[in-house]
Amino acid sequence: MRGHDGRPLVVGTGIAGLYVALRCRELGLRPTLITKSQLDEANTRYAQGGIAAAIGKDDSPALHLADTLRAGAGLVNRAAARTLAFEAGARIADLVRYGVPFDTIEGQISLGREAAHSRARILHAGGDATGLSIEETLKERVLDAGIEVRERTALRGVRPAGRDGVVALISSDRGRTVEETQPGTVVLATGGAGSLYRQSSNPSIATGEGVAIAFRAGALLTDMEFIQFHPTVFWREGAPRYLITEAVRGEGAVLRNESGERFLLGQHRDAELAPRDIVSRAVEREIQRSGHPCVYLDATGIPRDRFFGRFPSICRFLATYGLDPSRDWIPVTPVAHYMMGGVTTDLEGRTSLRGLYACGEVASTGVHGANRLASNSLLEGLVFGERVARQLVHPVAATLPAPGRLVRLAWPSGEGRGDLVKTFDRVRDLLWDNVGIVRDGNHLRSALDEFGELARHTEPRRESDVPGPVANAVLTASLIARAALTRTESRGAHYRSDFPQRRPAWRLHVGIVRRDAPPLRP
Ligand SMILES: Cc1cc2nc3c(=O)[nH]c(=O)nc-3n(C[C@H](O)[C@H](O)[C@H](O)COP(=O)(O)OP(=O)(O)OC[C@H]3O[C@@H](n4cnc5c(N)ncnc54)[C@H](O)[C@@H]3O)c2cc1C
């Protein structure tokens, strides 16, 4: 198995991994692509709303940049967001070239509106099947290009190898045997951590393993406290947590409590189109106040044909529960959705470890700050995926952003035993109950104590043994809680009931690194 520079190992087959692999191939490299699941199973597949790009006549990258900065609550890295907004058009052109069938009206790509975007700039495909269309198209192009793909092959760890880059530890039989690559380049495109929460919109692959693996290797992480909660996911006892995209509110749907009141009026001037953190907290408060398990999305004001044409998958899903959105209100609740932070990268996707790159949801490029603007994440995977691919061929210098506050964390070794299924369930409960939409110091400290206890069971006895997925889940959960405890203010998606105000002194990033990590590169 290779990993050296001409043959990078790309880990993950969502939008970021597929795109990086394709672009590497086009630039003359011979990438290998691995995924712990099947080629097409990733968060990407479930994205509904679409992908943001300022391609409309009344729009501009500068306006897209301004909206991204505003949503990020003072913590967006301006250079990264500028890159995102200004390179969006070229990356959309790539998707069109690969054959992604974006929806059109009279020959022009049709653009939807989403919360906190000042213009209609959301491209979509198959109505609300944007992620699926992108995933399927890129998958086909990867197969056409003859790129080596290994499914059900998990990255278990990376080890720095000095000037030669990193060695990857991979296994294709649930960790029983671990194969080592040659030292070289590894691109983490392993996605987010949403499914570590009991209530989540993410599929089960989203366990944040890339973050744990990078941390263990000594890489710098930032912004781990910022987990975005999506306010409108279908609620019914025993039903899957199916997302009802923001674009539905963009088309005119409103939120009501069980008495029919629009409880968001008066809370924010944009009401239902306020940033996600505002809407999620308002919904959570309403649920707590009323004792009713959900609120309702009322889309009955949208003409039936328009709704069915724009959101066919949602309509099919609702029909299985006997609901017709042109007649019935849709029961919804907030759930964990997106990881804003992750493995710190510079503008070229390089992490603090030589040879280790990251892009997509696992990376912390700084474009989202404290709160992601809707539909910027698929775009981020493309824009920074392109930069990673180019960097592997034509390296350029870039500076790694330094965090304003650095936590050096010791992590215990353990006994390598314990009930793994029960541990995983406990992690999900603890994150949801103690590190959720509303947090406080007592709950965070209590979660951290218990994560430490769980780690003593799940971590391997010897440093040389490779930790399994449950040990990684405990570690990633702990990193989220540790960052959340460190930030003693409320900002964007991070809300502390014991520190409810935003504090100017906290306009900085929280970094976390292993206590015994090598010095960080400038
Ligand atoms: C329901 C839903 C709706 C969304 N809607 C939108 C939207 O409309 N617009 C938007 O911009 N964003 C949306 N998002 C967010 C967006 O889909 C994700 O942020 C984006 O798809 C992440 O892409 P990615 O390539 O980084 O990761 P993913 O698509 O999650 O892919 C991660 C890959 O890594 C693999 N992997 C993980 N760990 C390992 C390991 N240890 N070893 C090997 N492989 C591993 C996984 O199997 C998977 O193949 C939505 C997300 C969800 C869940």
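This is a predicted model, so every value here is computed, not measured. (Residues numbered from 1 in each chain as written. Predicted model: local features only at pLDDT ≥ 70, side-chain atom pairs only at ≥ 80, totals over all residues. Heavy atoms only, no water.)

**Student:** Help me understand the pairing of strand β16 (residues 295–298) in this model?
**Tutor:** Within a regular strand, side chains alternate between the sheet's two faces. Neither face of β16 is exposed, since V295 and L297 on one face and Y296 and D298 on the opposite face are all buried. Across three bridges, strand β15 (residues 254–256) lies against β16 in antiparallel orientation. Looking at β16, one finds that V254 is bridged to D298. Pairing of β16 with strand β17 (residues 330–339), which is carried by three bridges, proceeds in the antiparallel orientation. If you follow Y296 over to β17, its bridge partner there is P331. (Buried < 20%, exposed > 50% of the residue type's maximum accessible area, 1.4 Å probe, protein only. Helix = DSSP H or I, 4+ residues; strand = E, 2+ residues; numbered from the N terminus. Pairing = 2+ DSSP bridges.)

**Student:** How should the sheet that holds strand β6 (residues 111–112) be read in this particular structure?
**Tutor:** Across the sheet, which stays open at both edges, the three strands sit in the order β3-β7-β6 with antiparallel pairing between neighbours. Looking at the sheet topology across the chains shown, the edges are occupied by β3 (51–52) and β6. Across two bridges, β3 lies against strand β7 (residues 122–123) in antiparallel orientation. By the bridge assignment, I51 is partnered in β7 with L123.

**Student:** Before we go on, may I ask you to explain the pattern of salt bridges in this structure?
**Tutor:** Pairing between side chains becomes possible if they bear opposite charge and their charged atoms approach one another. Scanning all chains against the criterion turns up 44 salt bridges. Among the salt bridges present, the one from R456 reaches E453, with a minimum N-O distance of 3.4 Å. Of this pair, R456 and E453 are both found in helix α12 (residues 441–458), three residues apart, which corresponds to roughly one turn of the helix. One salt-bridge network, held together by shared partners, links R23, E26, R91, D94, R97, E386 and R390. (Salt bridge = Lys/Arg side-chain N within 4 Å of Asp/Glu carboxyl O.)

**Student:** So what exactly am I meant to see when it comes to the nonpolar core here?
**Tutor:** Across soluble globular proteins, you tend to see nonpolar side chains buried next to one another. Membership of the largest hydrophobic core comes to 60 residues, with the highest contact counts inside it found for L155, Y197, L356, L431, V435, F451 and L479. Ranked by residue count, the leading element in this core is helix α13 (residues 469–486), at ten residues. Judged by nonpolar contacts, the second largest core, of 41 residues, contains A88, I92, L95 and L123. (Core = buried A, V, L, I, M, F, W, Y, C linked by side-chain atoms within 4.5 Å.)

**Student:** Is there a simple way to explain the site of the ligand in this structure?
**Tutor:** Taken together, 38 residues sit near the ligand, with T44, G50, L155, E361 and S377 positioned nearest. E41 is positioned with one of its backbone polar atoms (N or O) 3.5 Å from an oxygen atom of the ligand. In this structure, E361 approaches the ligand through a side-chain N or O atom, which is 2.6 Å from an oxygen atom. Here the ligand has 1000 Å² of accessible area as a free molecule, and 98% of this is covered by the chains. (Near = heavy atom within 4 Å. Polar contact = N/O pair within 3.5 Å; in protein donor to acceptor, adjacent residues only side chain to side chain. Areas by Shrake-Rupley, 256 points an atom, 1.4 Å probe, with all protein chains shown as cover.)

**Student:** What exactly am I supposed to notice about the side chain of H64 here?
**Tutor:** Relative to the assigned elements, H64 resides in helix α2 (residues 61–71). Classification of H64 by relative accessible area gives buried; the value is 0%. When sequence neighbours within four positions are dropped, the list of residues in contact with H64 reads A52, A53, A54, A85, H117, R121, L373, N376 and L379. (Contact = heavy atoms within 4.5 Å.)

**Student:** It is not clear to me how the state of the cysteines should be interpreted in this structure. Could you clarify?
**Tutor:** What we call a disulfide is simply a covalent bond connecting the sulfur atoms of a pair of cysteines. Throughout the structure, instances matching the rule amount to zero disulfides. The thiol sulfur of C294 is not disulfide-bonded, and the nearest other cysteine sulfur, from C315, lies at 19 Å. With no disulfide of its own, C359 has C24 as its nearest cysteine by sulfur position, at a separation of 9.2 Å. Residue C359 is classed as buried on the basis of its relative accessible area of 1%. (Disulfide = S-S within 2.5 Å.)

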